[in-house]
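For reference, the chains in residue letters:
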Amino acid sequence: MHVLYDTLSISASKSGVGNYAINLIKNLLELSDNLKITLLRCPFTQFKFFKDERVREVPYYSHLFNCGRFDLFHGLNCRVPFAIKCPKVVTIHDLLWFDDPKLGSTFFFRRFLEGHFFRYAINRSVQQCQAIIAISDTSKHTIINRFPKLSSEIKTVYHGVDQEYFSSKNPALLTRAKLNSYIQDSLAYALIYSHNSPNKNHAGMIKAFVSAFRDKPYYKLIIIRRYKRLDWELEKLLQEPTIAAKVIILGYVSDPLLLNFIFYARMVLFISHYEGFGIPCVEGMALGTPLIVSQPPALREITGNAALHADSTSIEDMKQKMQILDSNDQLRATLVNLGKQRATEFN
């Protein structure tokens, strides 16, 4: 079987959609020795995604120029390129650009361009594909509400994480002191790791954290943005002296280093305004780090009762939940145990 994949979303910065694509293809290759895969990738990407000889990587749209015959096309981020002749499947992660475009970008022209592109891409994909994959039941119901005629074509396939890798037994876990070049081991920290689009609510979580722990100089907030989107208001907030004293901003970090940051954090904060799934929630649960997440249905679906839930629109509620989770050891232990059990459902 020869499958053509749209992998335009995979990049060196390891986005959520990119990680989904890599993990999916990696696991499919383990299932069958007879599988052949062709990846349509960004023509400007310099590195190879896979070393497996069954995987061929070609520039995007090269399928128009005799790239081969395919049994199936899978669009991993809602797109279907032109001139695809074989049966088609598409993964739709969420409908943010339909539901609340302002959460996609702080810039009007970017919202305008990206919003039109993704709405067009999704509308075109659902008309052309024989099957649609949603990454959560919440996303599935959202898609059906907008495209009710497609209800029989949509299936939920959850994201998965490598339970052996995201494990406290992983030999890649170092001693806490190995993070000293980023944060001294005498300091505690909470962790945010995601890009900084408005839906991720970085500004709200920063304000809540600083308010919650302003009297604890040993307590820091680390934000890892493996890729950064320009947000002048957020950058202005980060320059305020009280904020700058509490917040450590990091860019891209390697996978093993990110693993250590998650494992040694007092808590992972994922109090976003809008999500289709929330991979950091599963990674944090698997590693035994307690979570505070927001209340959108997708995050409640993924975390269940294994996380503390906060109102992403309320600084006061987020602040109180941070203080509760930090000070209540019994609650922390309960969430750690529930989280490890919950994470096994997303293998």
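Before reading on, note that the structure itself is shown above.
Residue indices follow the written sequence of each chain, beginning from 1 at its first position. Since the coordinates come from a predicted model, pLDDT governs what is reported: local features require at least 70, and pairs of side-chain atoms require 80 or more to be given and counted, while whole-chain, interface and lining totals use all residues. As a rule here, side-chain values come from all non-hydrogen atoms in the structure, and water together with hydrogens is ignored.

Regarding the environment of Val55
Within the secondary structure, Val55 is located in strand 3 (residues 55–59). Placed 136 residues apart in sequence, Val55 and Leu191 show a C-alpha to C-alpha distance of 36 Å. Any two residues whose heavy atoms approach within 4.5 Å at even a single point are treated as in contact. If we skip the residues at most four places from it in the chain, Val55 touches Leu29, Ile37, Leu39 and Phe50. Helix and strand assignments follow DSSP, with helices taken as H or I runs no shorter than four residues and strands as E runs no shorter than two, numbered in order from the N terminus.

Notes on helix 8 (residues 255–264)
Residues spaced three or four apart along an α-helix point in a common direction, a consequence of the helix completing one turn every 3.6 residues. Looking only at helix 8, the buried set comprises Leu257, Leu258, Leu259, Asn260, Phe261 and Ile262. Each element contacted by the buried residues of helix 8 is listed here: strand 8 (188–193), strand 9 (219–224), strand 10 (247–250), strand 11 (267–270) and helix 9 (279–287). Using a 1.4 Å probe on the protein chains alone, a residue whose accessible area is under 20% of its type maximum counts as buried, one over 50% counts as exposed, and one in between counts as partly exposed.

Some points on the packing of aromatic side chains
Centre distance within 6.5 Å is the pairing criterion for rings of Phe, Tyr and Trp, where only the six-membered ring of Trp is used; planes under 30 degrees apart are then read as stacked, over 60 as edge-to-face, and the remainder as tilted. Summed over all chains, the structure comprises 17 aromatic pairs. Taking 5.1 Å as the distance between ring centres and 80° as the angle between the ring planes, the aromatic pair formed by Phe117 and Phe118 counts as edge-to-face. Relative accessible area serves as the criterion here: at 15%, Phe118 is assigned to the buried category. An aromatic cluster is built from Phe209, Phe213, Tyr218 and Tyr219, whose rings are joined through pairwise contacts.

What about unusual backbone geometry?
Of note in the backbone geometry, Cys78 takes a positive phi value of approximately 70° without being a glycine. Locating Cys78 in the fold gives a position in the loop between strand 4 (72–75) and strand 5 (88–92). With a relative accessible area of 3%, Cys78 lands in the buried category.

These values are about where atoms sit, not about what they do.
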